[in-house]
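Per-entry structural report
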Amino acid sequence: MRSHLSSISLPSHSHHIYARSATQPGAQNKKKLRALIRIALAGTPQRSVVLDIEGTTSPISFVTDVLFPYARDNVRTHLDATYSTRETKDDIALLRAQVEQDLAEGVPGAVPVPPDGAGKDRVVDALVANVEAMIAADRKITSLKQLQGHIWRTGFECQEIKGVVFDDVPPALERWHASGIKTYIYSSGSREAQRLIFGNTTYGDLRRHLCGFFDATIGYAVHLVSHLSAH
Ligand SMILES: CSCCC(=O)C(=O)COP(=O)(O)O
């Protein structure tokens, strides 16, 4: 299975490439953009490549049929097991703030989370209902992405999940690395989740070829390009 690098920005003022997949990449478009990335990399000034994950380094189905269902199916067990840890308290605080905002904006699926004093079971029930709705709506929000990363960590640790990348990704990363081009990942998934995926792929640990991981907390991709341009 080969990747779908189907959109690519080559800002004339920049030494960086930002490659992102489209949801339904047309074959013609894909070919043209693959040719562009080859030309851009062959033409020397590019110092870095920024890749997103879903549909670019990895099949969309890995995210929608493996990662998201794993988080959905394990959110209750995770919250129950880790409820009193610092990490989960922080995750819950972020979720609470997001749910408050969602309720105020009438977001479908948002349900009030009772105060801690109502007891763990009621709090977890409400959190699970909110998280399920957020996953179903594929929301790219920090509170959800942070929690998903913590749930996936268990899956990677016990090898229930392996990171899936297209088969041309490992050689491309290796080639770019060897020729001094820096490759970064930019994804809505948390940086911790990105490290888990690339550290535990079916091709082994690919992190040695990657120079950094960025998530949406840095802002839009264009902010990342300016961030990299400063270095
Ligand atoms: C860290 S991988 C999980 C990907 C994810 O959560 C997601 O929403 C897909 O994001 P992307 O920005 O890579 O399309």
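Each remark here, short or long, concerns the structure printed above.
All of the points below concern the structure found in this document. Not measured: the values here are computed from a predicted model. (Residues numbered from 1 in each chain as written. Predicted model: local features only at pLDDT ≥ 70, side-chain atom pairs only at ≥ 80, totals over all residues. Heavy atoms only, no water.)

As for the packing of aromatic side chains
Scanning the entire structure with this criterion turns up 2 aromatic pairs. The interplanar angle of 50° and the centroid separation of 5.8 Å between the aromatic rings of Tyr 184 and Phe 214 together place this pair among those described as tilted. Taken as a pair, Tyr 184 in strand 4 (residues 182-187) and Phe 214 in strand 5 (residues 212-215) lie far apart in primary sequence, 30 residues in all. The pair Tyr 184 / Phe 214 is uniform in exposure class, with both members buried. (Phe/Tyr/Trp six-rings, centres within 6.5 Å; stacked < 30°, edge-to-face > 60°. Helix = DSSP H or I, 4+ residues; strand = E, 2+ residues; numbered from the N terminus. Buried < 20%, exposed > 50% of the residue type's maximum accessible area, 1.4 Å probe, protein only.)

Examining the site of the ligand
In the region of the ligand, 14 residues are neighbours, and Glu 54, Lys 140, Lys 145, Ser 187 and Ser 188 sit closest. Measuring from an oxygen atom of the ligand, one finds a backbone N or O atom of Ile 53 at 3.2 Å. In the model, an oxygen atom of the ligand is placed 2.7 Å from a nitrogen or oxygen of the Ser 188 side chain. Considering the ligand on its own, with 410 Å² of exposed area, one finds that the protein chains cover 99% of that surface. Examining the composition of the shell around the ligand, we find that 3 residues originate from one element, helix 7 (residues 191-199), more than from any other. Split by residue class, the shell around the ligand holds 6 nonpolar, 4 polar and 4 charged. (Near = heavy atom within 4 Å. Polar contact = N/O pair within 3.5 Å; in protein donor to acceptor, adjacent residues only side chain to side chain. Areas by Shrake-Rupley, 256 points an atom, 1.4 Å probe, with all protein chains shown as cover. Nonpolar A, V, L, I, M, F, W, Y, C, P; charged D, E, K, R; others polar.)

Things to note about the packing of helix 5 (residues 142-157) against helix 7
Running from N to C, helix 5 and helix 7 point in directions that differ by 20°, and their axes come no closer than 9 Å. Viewed along their axes, helix 5 and helix 7 adopt a mutual orientation that is roughly parallel. In the crossing of helix 5 with helix 7, the sense of the turn from one axis to the other is left-handed. When helix 5 is examined against helix 7, the residues Gly 149, His 150, Trp 152, Arg 153 and Phe 156 are found in contact with a partner set consisting of Glu 192, Ala 193, Leu 196 and Ile 197. Partitioning the contact of helix 5 with helix 7 into residue classes produces 5 nonpolar, 2 polar and 2 charged. (Axes fitted to C-alpha atoms, helices over the stretch in contact; angles between N-to-C directions. Parallel < 35°, antiparallel > 145°, perpendicular 65-115°, else oblique. Left-handed = near helix turned anticlockwise from the far one by under 90°. Contact = heavy atoms within 4.5 Å.)

Some thoughts on the pairing of strand 3 (residues 48-51)
Of the two faces of strand 3, the one holding Ser 48 and Val 50 and the one holding Val 49 and Leu 51 are both buried throughout. Bridge analysis of strand 3 against strand 4 gives 4 bridges, and the strand direction is parallel. Bridge pairing links Val 49 to Thr 183 in strand 4. (Pairing = 2+ DSSP bridges.)

Side note on the packing of helix 3 (residues 86-105) against helix 5
Two quantities define a packed helix pair, namely the angle between the axes and the distance from one axis to the other. Where helix 3 contacts helix 5, the two axes come as close as 8 Å, and the packing angle between them is 150°. One finds that helix 3 runs roughly antiparallel with respect to helix 5. Relative to helix 5, the crossing made by helix 3 is left-handed. Note on element contacts: helix 5 touches helix 3 through Thr 142, Ser 143, Leu 144, Gln 146, Leu 147, His 150 and Arg 153, opposite Glu 87, Asp 90, Asp 91, Leu 94, Leu 95 and Gln 98. Class assignment for the residues of the contact of helix 3 with helix 5 results in 4 nonpolar, 5 polar and 4 charged.

Quick word on the environment of Glu 160
Position of Glu 160 among the secondary structure elements: in the loop between helix 5 and helix 6 (169-178). Sequence separation between Glu 160 and Tyr 70 is 90 residues; the distance between their C-alpha atoms is 9.3 Å. Setting aside anything within four residues of it in sequence, one finds Glu 160 in contact with Tyr 70 and Gly 155. Reaching out from Glu 160, the side chain makes a polar contact with the side chain of Tyr 70 at a distance of 3.4 Å.

Points about the pairing of strand 4
Counting buried residues along strand 4, 5 of its 6 residues qualify, which places the element largely inside the surrounding structure. Alignment of strand 4 against strand 5, held across 4 bridges, turns out to be parallel. Each residue of the ladder has a partner; that of Tyr 186, found in strand 5, is Phe 214.

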